[in-house]
Amino acid sequence: MTEIQHGTRGEVDPAAPRQSPSHGGPRQRSAATRRRASARIGPKLGRFGLFALPGLVAYVVFVLIPIGMTGYYSFTNRNPFNPPTKWVGLRNYGDLVGDQEFRQALVNTVIIAVIVTVFANVGGLLIAMLLDRPTKLYVALRGVFFTPVVLSAVVISVIWQAVLTDDGLLNSLLRGLGVDHPPGWLSDPDLALYSIAWIITWQMLGFCVVVYLAGLQGVPRELQEAASIDGAGRLARFRNVTWPMLAPALTINTVMLLITGFKAYDQIQVITNGGPGTGTTSTMAFQVVQTAFNGNHIGYSSAMAAVMLVLVATVSVIVLRLLQRREVTQ
Amino acid sequence: MDDRTHSWLRPLVAVFVGAVFFLPLYLVVVNVFKPGADIVPHPAALPLPPTLDNIGAVLSRPDNLFTFGLINSIAVTALSITILTVLSAMLGHYLARSKRVLAKVAMVTLLCGLMIPVPVILEPITGVLKTLGLMTSLQGLVLVNVGYYVPFGVLLFMGFVRSVPLELEEAAELDGASKLRVFWQVVFPLLRPASASVLIFLGVWIWNDFLTPLILLGPDSGTTVTVGVYRAIGQHQSDFGAVFAFMFLATLPILVFYLALQKNFVKGLTGGAVKG
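Residues numbered from 1 in each chain as written. Chains lettered and ligands numbered in written order. Predicted model: local features only at pLDDT ≥ 70, side-chain atom pairs only at ≥ 80, totals over all residues.

As recorded in an unreviewed UniProt entry, chain B goes by the name Sugar ABC transporter permease, listed as coming from Planotetraspora mira. Quoted straight from UniProt, the Subcellular location (unreviewed entry) entry for chain B says "Cell membrane". (UniProt positions renumbered as here; feature names shortened; annotations may be inferred.)

Taking an unreviewed UniProt entry as the reference, chain A is identified by name as Sugar ABC transporter permease belonging to Planotetraspora mira. Comment text from UniProt for chain A, heading Sequence similarities (unreviewed entry), reads "Belongs to the binding-protein-dependent transport system permease family." In the Subcellular location (unreviewed entry) part of its UniProt record, chain A is described as follows: "Cell membrane".

The following block contains the structure:
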């Protein structure tokens with residue numbers, strides 16, 4: 001068989017990097033077996049070509065190359081309707097610093113991300129504790145809270161628009177209760193951003209409930225009982241037994257919510273289009289898309305996109321690190 | 001436990017909170033089956049007698065916004081998740097097993113992809129698709145979905161591959177099976193729980209995607225149902241019955257898909273969640 005030939009050649013194949021010999025016992029053996037196995041299929045790429053390449057190629061072509069292009073465009077004045085494209089150095093980034101609209105979009109995005117992260121986490125935990133019982137009623141209620149997670153943000157946006165608009169269902173209800181001038185949830189420039197944040201929170205709540213429920217079910221009953229026998233009250237039991245064991249769930253939820261908040265786009269496009277007024281509910285994602293596809297200022301929108309990416313990545317990685325360190329120490 | 005003293009309180013609070021939470025969805029469902037004129041005066045009333053007029057109107061739209069959108073959504077979602085499940089299972093399997101530096105680099109690069117928001121790369125993607133001659137085509141959208149969601153699939157599969165004993169693969173290899181055969185007949189069947197999670201997660205996400213199909217399919221060619229909802233509200237903002245019926249029909253397929261596979265979904269979600 002050709003496999004055997006390749007097997008002998010594999011021992012001297014320079015393309016397969018060696019494990020450091022410091023590994024001990026069985027681990028070393030399986031690594032060696034694996035090395036022989038991967039060399040057996042033959043030429044340099046080996047299993048990499050067969051198994052890894054198709055997925056990686058799609059990722060490189062539709063994610064990595066576009067990221068590189070965004071980075072490159074951010075240093076140009078690219079505008080497909082106004083050629084030629086010229087290198088402008090850091091000018092786009094310099095312009096961003098003084099761009100009032102972008103600054104507002106950035107602040108709005110941070111506000112949305114913080115509100116969504118805090119409220120969906122707190123609400124999700126409370127509801128998970130409420131529903132942490134195995135009977136049918138609670139299982140059905142889990143389904144109720146999870147439904148919005150399965151629906152599209154567009155559908156959720158349209159539903160809430162019908163509820164929150166000036167003559168919408170909520171205000172009809174409030175008028176029925178005798179409130180003469182109910183708030184303009186989506187038309188008041190001071191309120192609209194918070195309404196958007198609420199809508200995203202409402203949609204993400206069920207996700208947090210499910211993740212916290214999984215965490216709660218991992219808390220051993222004996223631990224609770226032991227603490228209870230030792231005289232710990234409800235609050236003390238939660239603080240010292242339950243909460244530390246929920247650390248991995250908190251990590252997942254927080255990172256997921258932060259990323260969701262930071263990339264908020266659909267709700268703004270569907271409900272407010274950035275308004276009322278100029279940019280009161282505009283987010284970074286919305287600003288990037290508007291500048292790229294309505295303004296065709298690709299150079300400038302790419303600089304915004306680069307700032308957005310760096311911000312999302314930095315915040316997520318820092319938060320992830322902090323929360324994971326907390327998981328270990330507790 | 002002090003549960004016994006408040007045994008009546010918990011179900012009461014739970015049902016109340018659940019009902020308030022569900023109210024917006026209830027409003028949609030009841031108003032789909034209500035004549036348009038009754039919706040604004042009696043939004044919360046039950047649709048008695050129920051009517052199918054709103055649904056009929058959506059199905060018989062002269063522009064076929066719903067029917068064409070539905071066909072496109074089914075095609076794009078089904079193709080994307082099938083390709084994604086196979087490719088990310090292969091890639092995840094390889095990356096979980098390989099000790100090569102190249103594999104480590106590929107893994108870290110892929111994990112970074114989990115954080116990238118679509119708007120950051122959307123304009124260059126249109127450039128790539130134009131170069132490939134696939135802009136405003138369903139194939140182009142499928143390929144972009146595959147590239148964008150492959151990191152998530154790989155992440156899920158990698159965790160599961162580690163639970164498949166290496167000895168199984170080695171035994172099959174000793175029996176003379178090729179690498180591809182080992183993967184298809186030994187590894188892939190064992191990864192079924194992960195495959196189910198990937199199918200459901202990505203099925204729901206891709207079905208619900210808005211910005212990507214909005215830009216990549218463009219205004220001229222057909223669009224997906226999710227973008228169709230957006231187009232529909234632009235046309236008759238005040239006709240709640242028609243809009244709700246459109247949303248109801250656009251959501252029904254993915255809701256059924258989700259409910260059919262729900263058990264695996266929560267298992268997959270929590271499996272990853274608890275093990276971290």
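Enquirer: What's the story with the overall build of chain A in this structure? I'm lost.
Expert: Counting its regular elements, chain A contains 15 helices and 0 strands. Put simply, chain A has 330 residues, and 42% of those count as buried. Considering only intrachain contacts with a sequence separation of at least 6, the fraction spanning at least 24 residues in chain A is 70%. (Helix = DSSP H or I, 4+ residues; strand = E, 2+ residues; numbered from the N terminus. Buried ≥ 20, exposed ≤ 12 C-beta atoms within 10 Å, placed from the backbone. Contact = placed C-beta atoms within 7 Å.)

Enquirer: Teacher, can you tell me more about the nonpolar core here?
Expert: Buried together is how nonpolar side chains tend to be arranged in soluble globular proteins. With 164 residues, the main nonpolar core has Val158(A), Val209(A), Leu91(B), Val229(B) and Phe246(B) as its most contacted residues. Those residues in contact with Val229(B) that lie beyond four places of it in its chain are Val154(A), Val155(A), Val158(A), Phe246(B), Met247(B) and Ala250(B). (Core = buried A, V, L, I, M, F, W, Y, C linked by C-beta atoms within 7 Å.)

Enquirer: When you look at the environment of Tyr72(A) in this model, what are you seeing that I'm missing?
Expert: Within the secondary structure, Tyr72(A) is located in helix 3 (residues 47-73). Residue Tyr72(A) is classed as partly exposed on the basis of its 15 C-beta neighbours within 10 Å.

Enquirer: Can you help me understand the UniProt feature "transmembrane region" (unreviewed entry) in chain B in this one?
Expert: Residues and elements named next belong to chain B. UniProt records the feature "transmembrane region" (unreviewed entry) for residues 12-33, 65-89, 101-122, 142-161, 182-207 and 240-261 in the present numbering. Secondary structure content for residues 142-161 is 100% helix and 0% strand, while the C-alpha to C-alpha distance between its ends is 26 Å. The straight-line gap between the two end C-alpha atoms of residues 182-207 is 32 Å; of that span, 96% is helix and 0% is strand.

Enquirer: I'm lost on the interface of chain A and chain B in this one. Help?
Expert: Interfaces are frequently sized by the accessible area removed from exposure as the parts join. Taken together, the contact between chain A and chain B spans 80 residues of the former and 77 residues of the latter. Per element, the largest residue contribution to the side of chain A that touches chain B is 18 residues, and it comes from helix 3 of chain A. Of the residues that constitute the side of chain A that touches chain B, the class distribution is 60 nonpolar, 14 polar and 6 charged. (Nonpolar A, V, L, I, M, F, W, Y, C, P; charged D, E, K, R; others polar.)

Enquirer: Would you mind showing me how to read the UniProt feature "domain: ABC transmembrane type-1" (unreviewed entry) in chain A here?
Expert: In the numbering used here, UniProt assigns the feature "domain: ABC transmembrane type-1" (unreviewed entry) to residues 106-319 of chain A. As annotated, residues 106-319 of chain A has a helix share of 76% and a strand share of 0%, and its two end C-alpha atoms lie 19 Å apart.

Enquirer: Looking at this structure, how should I read the confidence of the model for chain A?
Expert: Residues shown with low pLDDT carry predicted positions that ought not to be read at fine detail. All names here are of chain A. Mean pLDDT for chain A: 85, with 84% of residues reaching 70 or above. Within chain A, the lowest mean pLDDT, 37, falls on helix 1 (residues 2-10), and the highest, 96, falls on helix 5 (residues 100-130). Predicted confidence is poor over residues 1-29, with pLDDT under 50, and the contacts of this stretch with residues over four places away or in other chains come to 24 contacts. Here residues 37-44 is a poorly scored stretch, pLDDT under 50, and it has 21 contacts once near neighbours within four places are set aside; other chains count. (pLDDT = per-residue confidence, 0-100.)

Enquirer: Please explain the domain arrangement of chain B as it appears in this structure.
Expert: All names here are of chain B. Under the domain assignment, chain B is made up of domain 1 (4-50) and domain 2 (71-275). For domain 1 and domain 2, the distance between their C-alpha centres works out to 34 Å. Opposite the 6 residues of domain 1 that make contact, domain 2 presents 7 residues. Taken together, the elements giving at least two residues each to the side of domain 1 that touches domain 2 come down to helix 1 (9-32) and helix 2 (36-39). Ranked by residues supplied to the side of domain 1 that touches domain 2, first place goes to helix 1 with 3 residues. Residues of the side of domain 1 that touches domain 2, tallied by class, amount to 3 nonpolar, 2 polar and 1 charged. (Domains from an automatic or database assignment.)

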